[in-house]
Amino acid sequence: MNELLWIGMMLANFGCVMLLYRLWGREGLLYWIPLSVVLANVQVVKLVELFGVTATLGNIVYATSFLVTDILSENHGRGPAQQAVWIGFFSLIAMTGIMNLALVFVPSQADTAQPALETIFKVMPRIALASLAAYGISQFHDVWAYHWIRKHTAERMLWLRNNGSTMVSQLIDSVVFSFLAFWGTVPTDVFWQIVISTYLFKFIVALCDTPFLYLARHLYRTGRAGLFSA
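Source: prediction; values computed, not measured.

J.: Explanation requested: the packing of helix α7 (residues 188-208) against helix α8 (residues 210-221) in the structure shown.
T.: The relative placement of two packed helices is expressed as an angle between their axes plus a distance between the axes. Running from amino to carboxyl end, α7 crosses α8 at an angle of 35°, the nearest separation of the two axes being 4 Å. Touching A206, L207 and C208 of α7 are T210, P211 and F212, all from α8. Here the residues of the contact of α7 with α8 sort into five nonpolar, one polar and no charged.

Next up, the structure:
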C-alpha cells in the first residue's frame with residue numbers, strides 16, 4: 001500500500017507544479033518553493049517502509065524543488081532559478097523560528113495540540129540546520145551544473161542537463177542532510193538505510209520528472225504558461 005501511495009504522491013506533486021506553471025507561469029513556480037520546503041521538512045520526521053527499506057517521507061516534495069529550478073533555468077534563466085533557492089532558504093528559516101517561538105507559549109489547559117506540535121517541531125532546529133546546509137550546497141550546484149551542461153549542449157539533450165545536474169546534486173543533498181540530521185539519533189543500520197533510500201527515491205523521482213520538464217518547455221514556447229499571470 002505504501003508503494004502505491006508513494007507513486008500517487010509523486011504524480012500529485014508533479015501535477016501541482018505543472019498546474020501552477022500553467023496558471024501563473026514563473027511566479028507560480030516561485031509559489032511552490034516555500035510550500036515544498038515547509039512540507040518536506042514536516043514530512044521528513046516520519047519514517048516509512050518502502051520497497052523493503054526504511055525511508056523518510058518528504059523525498060518527493062523536496063525533489064520537486066529541483067524540477068522547479070530546472071524549469072526556471074531552462075525557460076527563464078539563471079537569475080530566477082537562484083531567486084527560487086533564496087526563497088527556499090528564507091522559508092525554512094522563517095518556519096523554524098516562528099514555530100519554535102510558538103512552542104514557548106504556555107498552552108491552555110484545554111489545549112490538545114501542544115504534544116503533537118512538539119513531536120514535529122522540537123526536532124526542527126537540527127533538521128533545519130541539516131536542510132539549510134544540504135539545500136544550499138545541492139541547489140546552487142544544481143543551477144550551476146544545469147547551465148554548465150546547457151552551455152555544452154545548447155538546445156540539445158534536455159534530458160541530459162535535467163538528469164545530470166539533478167542526480168549529482170541530489171546525491172550531495174542526501175549525504176549532507178542525512179549525516180547532519182540523523183547521525184547518532186538512529187541505529188547505524190537504519191541510518192545507512194536512510195542514506196541509501198533517500199538518494200534512491202530522489203533518483204527515481206528525478207528520472208520521472210523529465211517528461212514534465214519537456215512539458216514545461218512546450219508550455220513556455222507555445223505561450224501557454226502563465227494563464228493568469230500579469
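J.: What should I look at first to understand the side chain of S138 in this one?
T.: By secondary structure assignment, the location of S138 is in helix α5 (residues 124-153). S138 has contacts with Y62, F66, S169 and D173, leaving out every residue within four places of it along the chain.

J.: Is there a simple way to explain the UniProt feature "transmembrane region" (unreviewed entry) in the chain in this structure?
T.: UniProt's entry tags residues 6-24, 29-45, 51-72, 84-107, 127-146, 167-184 and 190-215 with the feature "transmembrane region" (unreviewed entry), counted in the numbering of this structure. Helix makes up 88% of residues 29-45 and strand 0%, with an end-to-end C-alpha separation of 25 Å. Annotation note: span residues 51-72, helix share 64%, strand share 18%, distance between end C-alpha atoms 33 Å.

J.: Hey, could you run me through the environment of F105 in this one?
T.: With respect to the helices and strands, F105 occurs in the loop between α3 (78-104) and α4 (114-121). The class of F105 is exposed, set by a relative accessible area of 60%. Measuring from C-alpha to C-alpha, the distance between F105 and L67 comes to 38 Å, with 38 residues separating the pair along the chain.

J.: Looking at this model, I keep getting lost on the packing of helix α2 (residues 59-76) against α8. Mind explaining?
T.: Relative to each other, α2 and α8 sit at 35°, their axes nearing to 10 Å. As for the relative orientation of α2 and α8, their crossing is right-handed in sense. Side by side, α2 and α8 meet where L67, D70, I71, E74, N75 and H76 of the first sit next to F212, L213, A216, R217 and Y220 of the second. Partitioned by chemical class, the residues of the contact of α2 with α8 number six nonpolar, two polar and three charged.

J.: Would you explain the packing of aromatic side chains in this entry?
T.: A ring pair, where both rings are aromatic, is described by two values, the distance of the centres and the angle of the planes. With the rule as written, the count across this model stands at 20 aromatic pairs. Ring centres of F89 and F140 lie 6.5 Å apart, and the angle between their planes is 25°; this geometry places the pair in the stacked category. Here F89 is found in helix α3, whereas its partner F140 is found in helix α5, with 51 residues between them in sequence. Taking relative accessible area as the criterion, F140 reaches 27% and is therefore assigned partly exposed. Each residue in the set Y62, F66, W86, F89, Y135 and F140 is aromatic and connected to the rest through ring pairs, giving one cluster.

J.: How do you make sense of α2 when you look at a structure like this?
T.: Owing to its 3.6 residues per turn, the α-helix brings residues three or four apart onto one side. The end-to-end C-alpha distance of α2 is 26 Å, a good match for the 26 Å that 18 residues give at a rise of 1.5 Å each. For α2, the tally of buried residues reaches 17 of 18 residues, placing the bulk of the element in the interior. A positive backbone phi angle near 100° is found at G77, which sits one or two residues after α2.

J.: What is the right way to look at helix α1 (residues 2-43) in this model?
T.: Over its 42 residues, α1 runs only 14 Å from end to end, short of the ideal 62 Å by more than 12%, given 1.5 Å per residue. Of all the bends found along α1, the most pronounced is centred on W24 and spans about 140°.

J.: When you look at the pattern of salt bridges in this model, what are you seeing that I'm missing?
T.: Side chains that carry opposite charge are capable of pairing whenever their charged atoms lie near each other. One pass over the structure, following the stated rule, counts four salt bridges. Residues R161 and E74 are paired through a salt bridge, measuring 2.9 Å at the closest nitrogen-oxygen approach. Here R161, found in helix α6 (residues 158-182), pairs with E74, found in helix α2; they are 87 residues apart in sequence, far enough to count as distant. With a relative accessible area of 0%, R161 lands in the buried category. On the basis of relative accessibility, which here comes to 5%, the residue E74 falls in the buried class. Salt bridges sharing partners connect three or more residues here, namely E74, R150, R161 and R217.

About the cut-offs
Residues numbered from 1 in each chain as written. Predicted model: local features only at pLDDT ≥ 70, side-chain atom pairs only at ≥ 80, totals over all residues. Heavy atoms only, no water. Axes fitted to C-alpha atoms, helices over the stretch in contact; angles between N-to-C directions. Helix = DSSP H or I, 4+ residues; strand = E, 2+ residues; numbered from the N terminus. Contact = heavy atoms within 4.5 Å. Nonpolar A, V, L, I, M, F, W, Y, C, P; charged D, E, K, R; others polar. UniProt positions renumbered as here; feature names shortened; annotations may be inferred. Buried < 20%, exposed > 50% of the residue type's maximum accessible area, 1.4 Å probe, protein only. Left-handed = near helix turned anticlockwise from the far one by under 90°. Phe/Tyr/Trp six-rings, centres within 6.5 Å; stacked < 30°, edge-to-face > 60°. Expected span 1.5 Å × (residues − 1). Bend = angle between axes of the 7 residues up to and from the residue. Salt bridge = Lys/Arg side-chain N within 4 Å of Asp/Glu carboxyl O.

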